[in-house]
Amino acid sequence: MRYLITGANGQLGRELHELLEAQNLEFSAYDSKMLDITNRQAVFEAVQAQAPDVIFDAAAYTKVDAAEDEGKARNWAVNVDGTTNIAQAAAAFGATLVYVSTDYVFDGQKETAYLETDSVDPQNEYGKAKLAGEKAVLASHAKAYVVRTSWVYGEYGHNFVYTMQKLAETHPKLTVVNDQIGRPTWTKSLAEFMQHLVDSDQEPGIYNFSNDGTASWYRFAQEILKNSSVAIEPVTSEQFPQKAYRPRHSILDLDKAKATGFKIPTWQEALKMSGMIDK
């Protein structure tokens, strides 16, 4: 089995790199400097040259607030046009594709967990582009898995865990939003699930995945900084305005992921296993 990773320098891409390398599996890894996924010819040439059995598409434009204005064109180019190129190349050369999407495809108004089959209604530009990317993947006729995830963090790159830790170094008190509820996701858990879908030959289609259990950003911050003396104060979304709308209730239902036989750690277990809060 030969793999190809896009977005190899991002926090998920680097996790996938580590996962495959630890198993001595054959793979090629492309970051945005090595492969511009918005360049259709370059994508097709890379996929043809590497002849992967599996493509892990971790390339994405993730600047959610910037996507509302100055980054709008780039958001669409990477998350829609780039994804379309990868999906069509996967179909053309017979590769299985695993594409990573987001809970932002939902409006966040549902009181219970979102099923894969629930109606989508993205409320920000990032979510709209990722949904268009999903549709491109599913329309490509490639054997493809769309994995919707949320609140991603990991050892590599910028994320909420590192942000909280850095702020705690210089601030005696932090304010964190307490009315947005979701599921944190450790990149290693996500990477392992992506490989599991392929290795266990699951039915192609859409899967939700995050670590188990739910939290607000405030509760997540409490766990991150539980060994710190910093005070954490809960605030509302209105008290912490952001350019792009964030879903208030974006819990992803995990029953379909669990039915594949993959053991999903709780977000507290995953955070501890990551080693990030002990550094």
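Keep in mind that this is a model prediction, so the values were computed, not measured.

A few words now on the pairing of strand E5 (residues 144-149). When you tally the buried positions in E5, you get 6 out of 6 residues, the bulk of the element. Residues Ala 144, Val 146 and Arg 148 point to one face of E5 and Tyr 145, Val 147 and Thr 149 to the other, with burial holding for every one of them. Pairing of strand E4 (residues 96-102) with E5 involves 6 bridges; the strand directions are parallel. Across the sheet, the residue bridging to Thr 102 is Thr 149, located in E5.

This next bit is on the sheet that holds strand E2 (residues 26-30). The strand order E2-E1-E3-E4-E5-E10 describes an open sheet built from 6 strands, whose pairing is parallel. Looking at strand neighbours, the two that pair on one side only are E2 and strand E10 (205-208), the edges of this open sheet. When strand polarity is set aside, the average angle formed by the axes of neighbouring strands in this sheet is 20°. Where strand E1 (residues 2-6) lies against E2, 5 bridges are found, and the strand directions are parallel.

This part takes up unusual backbone geometry. Backbone geometry at Ala 51 places phi at a positive 45°, although glycine is not the residue there. As for its placement among the helices and strands, Ala 51 is situated in the loop between helix H2 (40-50) and strand E3 (54-57).

What follows is about the side chain of Asn 124. Take Asn 124: it is sitting in the loop between E4 and helix H4 (125-139). Classification of Asn 124 as buried rests on a relative accessible area of 2%. Side-chain polar atoms of Asn 124 contact the backbone nitrogen of Tyr 126, separated by 3.4 Å.

A word on the pairing of E1. Across the 5 residues of E1, 5 count as buried, placing the element largely inside the fold. For the crossover that starts at E1, traverses helix H1 (residues 11-22) and ends in the parallel E2, the hand is right-handed. As defined by bridge partners, E1 adjoins E3 across 4 bridges and the pair is classed as parallel. The residue of E3 that forms the bridge with Ile 5 is Phe 56.

Put simply, helix H5 (residues 160-170) and helix H7 (residues 217-224) touch, their axes get as near as 10 Å, and they point 65° apart. Relative to H7, the crossing made by H5 is right-handed. Only Trp 217, Phe 220, Ala 221 and Ile 224 of H7 make contact with H5, whose side of the interface consists of Phe 160, Val 161, Met 164 and Gln 165. Of the residues in the contact of H5 with H7, the class split is 7 nonpolar, 1 polar and no charged.

Definitions and limits used
- Residues numbered from 1 in each chain as written.
- Predicted model: local features only at pLDDT ≥ 70, side-chain atom pairs only at ≥ 80, totals over all residues.
- Heavy atoms only, no water.
- Buried < 20%, exposed > 50% of the residue type's maximum accessible area, 1.4 Å probe, protein only.
- Helix = DSSP H or I, 4+ residues; strand = E, 2+ residues; numbered from the N terminus.
- Pairing = 2+ DSSP bridges.
- Axes fitted to C-alpha atoms, helices over the stretch in contact; angles between N-to-C directions.
- Polar contact = N/O pair within 3.5 Å; in protein donor to acceptor, adjacent residues only side chain to side chain.
- Right-handed = clockwise from strand over helix to strand, strands pointing away.
- Left-handed = near helix turned anticlockwise from the far one by under 90°.
- Contact = heavy atoms within 4.5 Å.
- Nonpolar A, V, L, I, M, F, W, Y, C, P; charged D, E, K, R; others polar.

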